[in-house]
Amino acid sequence: MTDPRTEELASRLAATRERLDAALAAAGRTDEVDLVVVTKFHPVDDVIRLARLGVRDVGENRVQEAAAKVADLAAADAGLASSVRWNMVGNIQSNKATAVAGWADRVHSVHSAKVAGGLDRGRARLADERDDVPPLPVLLQLSLDGDTSRGGVSREDLPALADHVAGLAHLTLSGLMVVPPLEGDAAAHFADAAEVAEGLRRAHPGAIGFSAGMSGDIEAAIAAGSTCVRVGTAILGPRPVV
Ligand SMILES: *Cc1c(COP(=O)(O)O)cnc(C)c1O
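What you see is a predicted model, and the numbers here were worked out from it, not measured in a lab.

A. Inspection of the overall build of the protein chain at higher detail. Along the protein chain, the regular secondary structure elements total 10 helices and nine strands. Considered along the principal axes of its C-alpha atoms, the protein chain spans approximately 50 × 45 × 35 Å. Counting all 242 residues of the protein chain, 49% fall into the buried class. Positive and negative charge centroids in the protein chain, built from 25 and 33 side chains respectively, lie 3 Å apart.

Here it is in structure tokens:
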């Protein structure tokens, strides 16, 4: 039943889970960490393969590509589609936020009140149509170096954004997300972000998530307390050029 690509994905997935387990053991942690497999630029067939391999959390970072894959997966296999949780991890333009709320099961990259407002409205619209629409879990993306052009909210503006999001009826404030700056030491950046995450948790006890760590820095992120790693390349291989 297995094609070569499925075998490749299965072995890279297993290797990544081993890395994650080893990192948790090294950090003396016994809690569970979410593994979001980031499938951006890869075809929906890979999402199907991963879902059949038991992957639950799938991540995408571009709105149009994600919406197309969500529709394609539902059309290909509705049962499988219902087992997948779509995570939006990339930058969202505020005029696209309402649409994102239509397919996302969790959003890691809220950086402004406008984006949060759009997600909240989109979710409200869904809730008008159906009874079974839970609030959308969202994380606030922190810009550690304050260069918000790369996404994220500055640490100065984070508390006010958190209070705002916590007041929206159709969103659940679930934690903090970070993509460390390219410059400097990832471990130091994650430790810095972990302190901000702790502050957010003190102000909003439900915001327990800390989404940090990608293919190159899983270990450093887990050592700093990440509760959710977002891994693309280590599982899917290099992204196709588009
Ligand atoms: C692409 C992406 C990832 C995965 O990166 P890899 O280095 O391929 O593991 C994680 N987070 C975000 C926000 C991404 O855009």
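Structure shown, so let's carry the discussion forward.
B. Focus on the pairing of strand E1 (residues 34–38). Most of E1 is tucked away: four of the five residues are buried. Here two bridges tie E1 to strand E2 (residues 57–60), and the two strands are oriented parallel to one another. Among the inter-strand pairings, Val37 is bridged to a residue of E2, identified as Val58. Remark: the E1/helix H2 (residues 44–52)/E2 crossover connection has right-handed handedness.

C. Structural detail: the UniProt feature "modified residue: N6-(pyridoxal phosphate)lysine" (unreviewed entry) in the protein chain. Under the local residue numbering, the UniProt record ascribes the feature "modified residue: N6-(pyridoxal phosphate)lysine" (unreviewed entry) to Lys40. A relative accessible area of 16% means that Lys40 is categorised as buried. With near-sequence residues (within four places) excluded, Lys40 lies in contact with Gly59, Glu60, Asn61, Glu65, Lys69 and Arg239.

D. Focus on helix H3 (residues 63–76). Across its 14 residues, H3 extends 20 Å between first and last C-alpha, which sits within 8% of the 20 Å expected from 1.5 Å per residue. Within H3, the full set of buried residues consists of Val63, Glu65, Ala66, Lys69, Val70 and Leu73. Buried positions in H3, seen along its axis, are confined to an arc of 160° and lie on one side of it. The exposed set on the far side of H3, more than 90 degrees from its buried face, consists of Gln64 and Ala75. Those residues of H3 that are buried lie in contact with H2, E2, helix H4 (78–81), strand E3 (85–88) and helix H5 (97–103).

E. Examining the site of the ligand more closely. As a matter of local geometry, the ligand sits amid Val38, Lys40, Asn61, Val89, Met177, Met214, Ser215, Arg230, Val231, Gly232, Thr233 and Arg239. Within the side chain of Asn61, a nitrogen or oxygen atom sits 3.4 Å from an oxygen atom of the ligand. Taking 390 Å² as the accessible area of the ligand by itself, protein coverage stands at 87%. Looking at the shell around the ligand, its residues break down into five nonpolar, four polar and three charged.

Reading the values: the criteria
Within each chain, residue numbers correspond to sequence positions counted from 1 in written order. pLDDT decides what is reported in this predicted model: residues at 70 or higher carry local features, side-chain atom pairs at 80 or more are listed and counted, and totals for whole chains, interfaces and linings draw on all residues regardless. The basis for the side-chain values is all heavy atoms of the structure; hydrogens and waters are excluded. Comment: elements are numbered from the N terminus, with helices defined as DSSP H or I runs of at least four residues and strands as E runs of at least two. Exposed residues in this analysis have more than 50% of their type's maximum accessible area, buried residues have under 20%, and partly exposed residues fall in between, with area computed by a 1.4 Å probe over protein chains only. The convention is simple: Lys and Arg are positive, Asp and Glu are negative, and His and the chain ends are not counted. A charged residue contributes its charge at one atom only: NZ of Lys, CZ of Arg, CG of Asp or CD of Glu. When DSSP finds two or more bridges between a pair of strands, those strands are recorded as paired. Crossovers are marked right-handed if the path from the first strand over the helix to the second runs clockwise, as seen with the strands pointing away from the viewer. UniProt positions are given in the numbering used here, feature names are shortened, and annotations may be inferred rather than shown by experiment. Only heavy atoms enter the contact rule, under which two residues are in contact if any of them lie within 4.5 Å. An expected span of 1.5 Å times one less than the residue number is assigned to each helix. Taken from the helix axis, the directions to the C-beta atoms give the arc we talk about. The criterion for a residue being near a molecule or strand is simple. One of its heavy atoms has to lie within 4 Å of it. Identification of polar contacts relies on pairs of N or O atoms within 3.5 Å, with a donor-acceptor requirement for protein atoms, meaning one able to donate a hydrogen and the other able to accept it, and with residues adjacent in sequence counted only if both atoms are side-chain atoms. Here, Shrake-Rupley sampling with a 1.4 Å probe gives the accessible areas, and only protein chains in the shown set may cover a residue. Each residue gets one label: Ala, Val, Leu, Ile, Met, Phe, Trp, Tyr, Cys and Pro are nonpolar, Asp, Glu, Lys and Arg are charged, and the others, such as Gly, are polar.

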